Structures are given as C-alpha cells and as structure tokens.
Amino acid sequence: MRAIRIALTKGRLEKRCVELFEAIGFDCSQLINKGRRLILPMNAHEVVLAKAQDVITYVEHGACDLGIVGKDTIVEADSGVYELLDLGFGKCRFALAGPCGVDFYAGYHERVVASKYPAVAKHFFEQKGMDVRIIKIEGSVELAPLLGLAHAIVDIVETGSTLRENGLEVIEEIMPISARVIVNKASMKLRRAEIEGLLSDLALAAQVN
Ligand code: PRP
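Residues numbered from 1 in each chain as written. Predicted model: local features only at pLDDT ≥ 70, side-chain atom pairs only at ≥ 80, totals over all residues. Heavy atoms only, no water.

Peer 1: Help me understand the sheet that holds strand 3 (residues 45-50), please; the structure alone is not making it clear to me.
Peer 2: Note on sheets: strands pair through backbone hydrogen bonds, and any given pair is parallel or antiparallel. In spatial order, the strands read 2-3-1-4-11-5; together these six strands make up an open sheet with mixed pairing. Two strands in the sheet have a free side with no partner beyond their single neighbour: strand 2 (39-42) and strand 5 (82-86). The sheet shows a mean angle of 30° between the axes of neighbouring strands, taken without regard to direction. Sheet topology note: the strand 4 (residues 66-70)/strand 11 (residues 179-183) ladder contains five bridges and is antiparallel. Of the residues in strand 11, the one forming a bridge with Leu-66 is Val-183. (Pairing = 2+ DSSP bridges. Helix = DSSP H or I, 4+ residues; strand = E, 2+ residues; numbered from the N terminus. Axes fitted to C-alpha atoms, helices over the stretch in contact; angles between N-to-C directions.)

Peer 1: Just checking my understanding: could you explain the side chain of Asp-72 for this structure?
Peer 2: Position of Asp-72 among the secondary structure elements: in helix 4 (residues 71-77). One buried charged side chain, Asp-72, makes no salt bridge at all; its nearest oppositely charged neighbour is Lys-116, positioned 7.0 Å away. Setting aside chain neighbours within four positions, we find Asp-72 in contact with Phe-94, Tyr-117, Ile-156 and Ile-177. (Buried < 20%, exposed > 50% of the residue type's maximum accessible area, 1.4 Å probe, protein only. Lys, Arg positive; Asp, Glu negative; His and termini not counted. Salt bridge = Lys/Arg side-chain N within 4 Å of Asp/Glu carboxyl O. Contact = heavy atoms within 4.5 Å.)

Peer 1: Help me understand the sheet that holds strand 6 (residues 92-99), please; the structure alone is not making it clear to me.
Peer 2: On the basis of which strands lie adjacent, the open sheet formed by five strands has the order 8-7-9-6-10 and mixed pairing. Strands at the two margins of the open sheet, each flanked by one partner only, are strand 8 (132-136) and strand 10 (168-177). Ignoring which end each strand starts from, the neighbouring axes of this sheet average 25° apart. With five bridges connecting them, strand 6 and strand 9 (residues 152-157) associate as antiparallel partners. Following the sheet pairing, Ala-97 is matched in strand 9 by Ile-153. Strand contacts of helix 5 (residues 118-127): strand 6, strand 7 (111-115), strand 8, strand 9 and strand 10, with the helix running at about 170° to strand 8, the strand carrying the most contacts.

Peer 1: Hey, could you run me through the site of the ligand in this one?
Peer 2: What surrounds the ligand is a group of 13 residues, the closest being Arg-12, Lys-116, Asp-155, Thr-159 and Thr-162. The contact in question runs from an oxygen atom of the ligand to an N or O atom on the side chain of Glu-142, over 2.7 Å. At 2.5 Å from an oxygen atom of the ligand is found a side-chain nitrogen or oxygen belonging to Thr-159. With the chains in place, 72% of the 500 Å² that the ligand exposes on its own is no longer accessible. (Near = heavy atom within 4 Å. Polar contact = N/O pair within 3.5 Å; in protein donor to acceptor, adjacent residues only side chain to side chain. Areas by Shrake-Rupley, 256 points an atom, 1.4 Å probe, with all protein chains shown as cover.)

Peer 1: Help me understand the pattern of salt bridges, please; the structure alone is not making it clear to me.
Peer 2: It is possible for side chains of opposite charge to pair when their charged atoms get near one another. If you walk through the whole model with that rule in mind, you get 16 salt bridges. With its nearest N and O atoms 3.5 Å apart, the salt bridge here joins Arg-180 to Asp-86. With a gap of 94 residues between them, Arg-180 in strand 11 and Asp-86 in strand 5 connect regions that are remote in the sequence. Residue Arg-180 is classed as buried on the basis of its relative accessible area of 12%. Looking at Asp-86, the relative accessible area reads 43%, which means it is partly exposed. Put simply, Lys-128 and Glu-172 hold a salt bridge, and the shortest N to O gap is 2.9 Å. With Lys-128 in the loop between helix 5 and strand 8 and Glu-172 in strand 10, this residue pair connects regions lying 44 residues apart in the sequence. Judged by its relative accessible area of 35%, Lys-128 falls in the partly exposed class. Overall, the relative accessible area of 24% leaves Glu-172 in the partly exposed class. Taken together, the salt bridges that share partners define one network made up of Lys-71, Glu-83, Asp-86 and Arg-180.

Peer 1: What is the right way to look at the pairing of strand 4 in this model?
Peer 2: In summary, the side chains of a regular strand alternate between the two faces of the sheet. Counting buried positions along strand 4 yields five of five residues, so the element is predominantly enclosed. Residues Leu-66, Ile-68 and Gly-70 line one face of strand 4 and the alternating positions Gly-67 and Val-69 line the opposite face, and both faces are buried.

Listed below in structure tokens is the structure:
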C-alpha cells in the first residue's frame, strides 16, 4: 500500500503546518529544505505542497488522502471531502467591505461586488434576498472599488491593514475562517485506523500550539 499522502497549502499556512507536524514528532527536514521538489517524505508519509484550491482537488479525487487548507477555500469549492478538524490557526474572516463612510445598502441602484470568492458572495446576497452582480477577481480585490469597478468586495480580512491602508472598511462580517484538515472519503473507509491516529495526534498538537 502506498504511503499516506498529505497535501499542504503553500504560503501563509505552510509554516504553521510544519510546526504542527514537528510537534507530533515528525521529521520535517525534507519539507523545510525542499528546494524545488514537490513531493517530500515525512516519516512514513508523503507531503505534497499545492495551491489551496488544488489541495481540495487532490484530496477530493483521492490523489492525496488528507489535506490542510483554509475554510475559505473549502466553502468556495463546495467539494465532496470530509472536513474533520479545525486546527485553530490561519484565523481570519470573510467580510463585505467598501469605501469608508459609504452606505452600501442605501438607494435602489444595481450593486456590483468584486470577489475572489464568487460562490461565497453569491450565497451571502442570496440569503439577504438581494440581487447583486458579482465580478470574479483573482487577487488584490481591494483595487476593484478603488478603480470604480465595484461598489464593494467580499474578501478575507485578517489584520484589517489592507482595508485600512486603502480607505476601505468592513461593512459586515460574513464568516470566521481557520485552517481545517480534510480527508478523502474512500481513504477514510480504507485506511481508517491510520488516518484516525494521525487526526488525533494533530488535534492534540493543535490544542497546544
Ligand atoms: C488576502 C486578502 C486581503 C488580505 C487581508 O490577500 O485577499 O487582500 O490578505 O489581510 P489583512 O487584513 O491582514 O490586510 P493575500 O495577501 O492572500 O493576497 P491576494 O490579494 O493577492 O490574493
């Protein structure tokens, strides 16, 4: 049987994931000194580093058994994976934000909202019964209202500095976000004992970290 394969999200969550695995006694030296390698051994397991959306895709299709990814990407992807553990780091929130002092809800004109997370934005306004045009943006969404493309944005807010430094403010909080462990459904059936062992080690370490 192949090694348990774990997909980790490159970037912001990467360092915290390494600390977590070190805390459960795994040897992360290959992961830390990875160079340009994409698959790294970690004890008897294999670690893959990928973009957040791809972590979900690899786990959903069973190419990886387990993954660590932000709740933001999970909600947006609406995939068929088990979400089994909240690791409590990578904390931020989804929020509706717009130019300071402007009442987003005033008036009857069509509203345009830019977001990297169109599904989240769509769902948010559907729940309010509001008909809003959503425009997908790939990064630095804060630019959209500044350039007159949109009235507001639905985006992640962590420290709030990006909003502050660009004359924007939170209009409404949407949902808290943190890093989650996801598991492939078939892997959970076929390799239950191994995966549950790993999950309980991770849960313990996450409480302490
Ligand atoms: C995220 C998010 C905000 C920023 C929020 O972007 O989209 O722009 O972080 O963080 P803050 O509240 O601490 O300022 P990211 O840095 O991931 O880059 P991107 O916009 O290019 O996707």
